[in-house]
Amino acid sequence: MEQLVEDFLVYLRHERGQSENTAETYHGMLRRFTLWAGTQSLTDWKQVELKHLMLFLEHERTRHLENQPKESTRRLSSESVYLQIAALRAFYRFAENEKLLPANIAENLSLPGRWKRLPKALTNAEIDQLLAPLPLQIPSAQCDQAVLELAYASGLRLSELCHLRLEQLHLDAGFVTIIGTGNKERVVPVGRAAVEALNNYLTVGRPKLVTPRSPGTVFLTQRGTPFARETMWARVKKRVKLSGVERNVTPHMLRHSFATHLLEHGADLRVIQELLGHASIGTTEVYTHVTGSRLREIHRKFHPRA
């Protein structure tokens, strides 16, 4: 069963051009199913019927979550169940099209409704507080400053920051080229503050981090290696704590702040879609709800007859 999953992952990466993160997510979801199938004496995908998929999803909905206390009543979120079903449907669609399985039994699985979670953005004051340079200008601090400035200035995803290479920087011209989801390339402007932070890091900080085995990625760890997503996430969280911002800030919140603040200051939604690298304008439209609620808040606070 695992071999067919591997074939599907190769298809996702090389024929569909899906990102490594998407492939890893689908792999994790499908692996959960193959492990469960083993407990049901299912050793071949041809043995799996729709009833087995339904039983598995029911098992997932009710199972005790890992890393939770035994007494916890928390269960799998509807978002995770949605991803499980999406992974199974995509896998079966591939297997049927490639004539690897006789039928697509997952096409009858209906996707549950998804709540539209409004993205959380930082205020302008919180951004200023977070981006204020630290007094101790060691290479790792200069790297962190450049990461934060670029993340807010250009709205890059965490994976895009981790994989950004030196040849993608065009700081004299004020832009970077980004290889985003599905290997699509986009050009994103970089503001003056971010250019200054990057130049400072590249000329002063990065040379002290480079080792003979360091790759051409822009951002390097203290060992001279490229950042894993988890490592960069941890570095951002540490910097947030040092800045004194009292919110649970994630790297993606800087991307949300980038889009929200652009829209609040009158940027066109299509332009923001292009800058974020969204394939669909529908994905970008969620920011209109955020700015709408923000505008109502400002109106209530400042309008004399609100």
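Whatever comes next refers back to the structure up there.
Summarised in this report is the structure supplied together with it. (Residues numbered from 1 in each chain as written. Predicted model: local features only at pLDDT ≥ 70, side-chain atom pairs only at ≥ 80, totals over all residues. Heavy atoms only, no water.)

Turning to the overall build of the chain, a few remarks are in order. Within the chain, the regular secondary structure consists of 13 helices and three strands. Relative to its 306 residues, the chain shows a buried fraction of 44%. At a minimum sequence separation of 6, the contacts of the chain that also span at least 24 residues come to 57%. (Helix = DSSP H or I, 4+ residues; strand = E, 2+ residues; numbered from the N terminus. Buried < 20%, exposed > 50% of the residue type's maximum accessible area, 1.4 Å probe, protein only. Contact = heavy atoms within 4.5 Å.)

Our next topic: unusual backbone geometry. Glycine aside, residues mostly have negative phi angles, and peptide bonds mostly take the trans form. In this structure, S41 takes a positive phi of about 60 degrees despite not being glycine. When you line up the elements, S41 lands in the loop between α2 (20-39) and α3 (50-62). Taking relative accessible area as the criterion, S41 reaches 58% and is therefore assigned exposed.

For the rest of this paragraph, the subject is the sheet that holds strand β3 (residues 185-189). Spatially, β1-β2-β3 is the arrangement adopted by the three strands of the open sheet, whose pairing is antiparallel. Only two strands of the sheet have a single neighbouring strand rather than two, namely β1 (169-170) and β3. Strand direction decides the pairing type here: strand β2 (residues 175-179) and β3, joined by five bridges, are antiparallel. Bridge pairing in β3 links T177 to V187. (Pairing = 2+ DSSP bridges.)

Quick look at the pattern of salt bridges now. Scanning the model with the defined rule gives nine salt bridges in all. Close ionic contact of E2 with R31 constitutes a salt bridge, the shortest N to O distance being 3.2 Å. Of this pair, E2 sits in helix α1 (residues 2-14) while R31 sits in helix α2, placing them 29 residues apart in sequence. Looking at E2, the relative accessible area reads 28%, which means it is partly exposed. When the shortest N-O distance is used, the salt bridge between R61 and E58 registers 3.9 Å. (Salt bridge = Lys/Arg side-chain N within 4 Å of Asp/Glu carboxyl O.)

Time to look at the packing of aromatic side chains. On inspection of all chains with the given rule, the structure shows 13 aromatic pairs. Here the aromatic rings of F8 and Y26 are separated by 6.2 Å at their centres, their planes lie at 15 degrees, and the arrangement is stacked. Here Y26 lies in helix α2 and F8 lies in helix α1, a separation of 18 residues in the sequence. The exposure class assigned to Y26 is buried, which follows from its relative accessible area of 16%. Centroid distance F8 to F91: 5.7 Å. Interplanar angle 90 degrees. Geometry classified as edge-to-face. In this pair, F8 sits in helix α1 while F91 sits in helix α4 (residues 78-97), placing the two residues 83 residues apart along the sequence. Accessibility assignment for this pair places F8 and F91 in one class, buried. (Phe/Tyr/Trp six-rings, centres within 6.5 Å; stacked < 30°, edge-to-face > 60°.)

These values are about where atoms sit, not about what they do.
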